[in-house]
Amino acid sequence: MTVSRRDFVLGAAGALGASALGMPALALASSEDIKIGWLAALTGPSSAPGVGFNRGVEFAAQAINAAGGVKGRKIVIVTRDTQGDPTKAVNAAQEMINSQKVHAIWGPTNSGESLAVTPIMARAKMPNIHPCVIDSLVNTDKYPNAFRISPSNSQWDDACRNYCLKVQKYSKIAVIGDTTGYGVSATKACVANFKKDGAEVVYSANIDATQADMSPDMTRARDAGAQVIVIWSVSTGMEARLFNTRAHMGWDVAFVGHPSLASGELRTLVEKPENWDKVYAVGYKSASYDASGKLPAHSQEFLDMVKGKVSLEDTLYWWVSAGYDAIELVAKAVQTTGSSQSKDIIEYWNSLKAYPGYFGTYTYSPTIHNGYPTEEVVMSEAKSARNGTFALAPGYQ
């Protein structure tokens, strides 16, 4: 169900045919740009995912437009840098809805921002697809317009907890998050779930992502007997300081958690390469290579497509491929329905079954807007990055 170059060329020809028949309204609609709002944290401490997503967004728009657009209609990305600030996200979302008149919105990339803007987009019946993981952000009764392209935090949390308790057999856990809306809620849920499964949470805290000295929290976690530290933050700067502090302490504890633990940015932020050892991040089958270094065929197809055009050295495959998939999902909705009306885009997304995206296989319905399959979530060895893809964490078969 991907949007092929041939599909777009044929669509463009169809648009020209309608115009020739003398149908002014239809001709106007067929030539109108498809405007996709892109709420992105491109700067600030939580920008690593946004930068990666943005590369996929820009590549998708360029590829679609180079192939003739969608039934002759050009994709236009309306980007606003929210800097991870919910207030900026609210202002940008309102501008996109009221002034820019976008047809759909991709993002935000930060759950704290999404908590603020999701109700606004719901009231406007704006088709919204996002990668934010807080579970409450997807609710088909309250937000029938909002679709999640990534796993929920429950799926991430389950993968981390399973790896700690069942694969590595840790029993004493420390949980650390940042102070964003996402970090606070993820930390709270993680602690509760570990306790529910019988683990001892010996330390938990939320730390400002800009905090320079991580030694007080790391010392408390060590003195409490933690065998592993579970991290919930998108701030690579904060994560690097935690890794560096571990090295200064001479403490051989493992880190497990958020996908950003494997971001290529960390290579330049850690003081020594070995400071990134024993770090395991949430990952995906689509972004995991086997013992022979081979990726799934569909993932290799994406890498071949973007080779020489999109850099993956300092970011994650899943961020770039999810950004690409999000734009293609809007384009495919317009291509298939012949309409950019909100209700038609939403109706199309509600019909998807095993849609073969490059990041994952998405399935949605009117009552299911968590589209990412749990079985495609795994844990990765963070420092094993190769073009934004990873080896599986130790202990997996």
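This text goes with the structure placed above it.
Treat the numbers as computed from the prediction; the structure is a model and nothing was measured.

Asks: Please explain the sheet that holds strand β9 (residues 254-257) as it appears in this structure.
Replies: Strand pairing in a sheet relies on backbone hydrogen bonds, with the paired strands running either antiparallel or parallel. Spatially, 6 strands are ordered β7-β6-β8-β9-β10-β14 in an open sheet, and the strand pairing comes out mixed. In this open sheet, the two strands that pair with only one neighbour each are β7 (200-207) and β14 (377-381). When strand polarity is set aside, the average angle formed by the axes of neighbouring strands in this sheet is 25 degrees. Note: strand β6 (residues 172-178) against β7, 7 bridges, orientation parallel. Of the residues in β7, the one forming a bridge with G177 is N206. This element, helix α9 (residues 236-249), spans β6, β7, β8 (228-232), β9 and β10 (279-284) of the sheet and lies at about 160 degrees to β9.

Asks: I would appreciate a short explanation of the side chain of R246 in the present structure.
Replies: If you trace the backbone, R246 turns up in helix α9. Despite its burial, R246 pairs with no opposite charge, the nearest such side chain being D252 at 6.0 Å. Sequence-distant contacts of R246, that is, excluding residues within four places in its chain, are made with M218, W251, V253, A254, F255, N275, W276, D277, K278 and V279.

Asks: For this particular structure, what's the right way to read the packing of helix α4 (residues 86-100) against helix α5 (residues 111-123)?
Replies: A packed helix pair is summarised by two numbers, namely the angle formed by the two axes and the spacing between the axes. At a minimum axis separation of 8 Å, α4 and α5 run at an interaxial angle of 30 degrees. By the criterion of interaxial angle, the relationship of α4 to α5 is roughly parallel. Where α4 crosses over α5, the handedness of that crossing is right-handed. Contacts from P86, A89, V90, A93, Q94 and I97 of α4 reach α5 at G112, E113, A116, V117, I120 and M121. Looking at the contact of α4 with α5, its residues break down into 9 nonpolar, 2 polar and 1 charged.

Asks: It is not clear to me how empty space enclosed by the protein should be interpreted in this structure. Could you clarify?
Replies: This structure, assessed with the given rule, holds 2 cavities of 30 Å³ or more. Empty space within the largest cavity amounts to approximately 160 Å³. Of all elements in the fold, only α3 (48-66) and α12 (317-337) reach the threshold of two or more residues within the lining of the largest cavity. For the second largest cavity, the calculated volume is near 60 Å³.

Asks: Honestly, the nonpolar core in this entry has me stumped. Any pointers?
Replies: One broad rule of soluble globular proteins: the nonpolar side chains tend to lie buried together. In terms of nonpolar packing, the biggest core is built from 113 residues, with W106, F194, I229 and W349 touching the most fellow members. Examining the composition of this core, we find that 13 residues originate from one element, α12, more than from any other. Excluding its chain neighbours within four sequence positions, the residues that come into contact with I229 are A174, I176, M218, A221, W251, V253, A254, F255 and V256. Within the second largest apolar cluster, 14 residues are counted, among which are L39, A92, M96 and I105.

Asks: I tried to follow the pairing of β8 on my own but got confused; where do I start?
Replies: Regular strands have side chains that alternate between both faces of the sheet. With 5 of 5 residues buried, β8 is to be regarded as a mostly interior element. Sheet analysis places β6 next to β8, joined by 5 bridges and oriented parallel. Bridge pairing in β8 links G177 to W232. When β8 meets β9, the two strands line up parallel, connected through 4 bridges. Counterpart to I229 in the pairing with β9 is F255. Between the parallel pair β8 and β9, the chain is carried across by α9, and the sense of this crossover is right-handed.

Thresholds, definitions, all that
- Note that residues are indexed from 1 along each chain, following the sequence as it is written.
- Thresholds applied to this predicted model are a pLDDT of at least 70 for local features of residues and 80 or more for the giving and counting of side-chain atom pairs; totals over whole chains, interfaces and linings are not thresholded and use all residues.
- Side-chain figures throughout are based on the complete set of non-hydrogen atoms in the structure, without hydrogens or water.
- Pairing between strands requires that DSSP locate at least two bridges from one strand to the other.
- Going along the chain from the N terminus, every DSSP run of H or I of four or more residues is numbered as a helix, and every run of E of two or more is numbered as a strand.
- Each axis is a line fitted through C-alpha atoms, taken for helices only over the stretch in contact, and angles between the N-to-C directions span 0 to 180 degrees.
- By the convention used here, residues are in contact when the closest approach between their heavy atoms is within 4.5 Å.
- Exposure classes here rest on a 1.4 Å probe applied to the protein chains alone. A residue is buried below 20% of its type maximum, exposed above 50%, and partly exposed in between.
- When charges are counted, Lys and Arg contribute as positive and Asp and Glu as negative, whereas His and the chain ends are disregarded.
- Within this document, salt bridges are pairs made up of a side-chain nitrogen of Lys or Arg and a carboxyl oxygen of Asp or Glu, the two lying within 4 Å of each other.
- What sets the label is the angle itself: under 35 degrees gives roughly parallel, over 145 gives roughly antiparallel, 65 to 115 gives roughly perpendicular, and the rest give oblique.
- By convention the crossing between two helices is left-handed if the near helix lies anticlockwise of the far one by an angle smaller than a right angle, and right-handed if it lies clockwise.
- Only Asp, Glu, Lys and Arg are considered charged in this grouping, and only Ala, Val, Leu, Ile, Met, Phe, Trp, Tyr, Cys and Pro are considered nonpolar; every other residue, Gly among them, is considered polar.
- Of the two site types, the cavity is a set of points on a 1 Å grid over the protein atoms alone where a 1.4 Å probe fits but cannot get out, and the pocket is an open set with protein on both sides within 12 Å along at least five of seven lines, each lined by residues with an atom within 4 Å of a point.
- Grid points are joined across faces, edges and corners, and a volume is the space filled by probe spheres set on the points.
- Joining through side-chain atoms within 4.5 Å is the link that ties buried Ala, Val, Leu, Ile, Met, Phe, Trp, Tyr and Cys residues into a set, and such a set is a nonpolar core.
- Convention used here: a crossover is right-handed provided that the path from the first strand, over the helix, to the second strand proceeds clockwise when the strands point away from the viewer.

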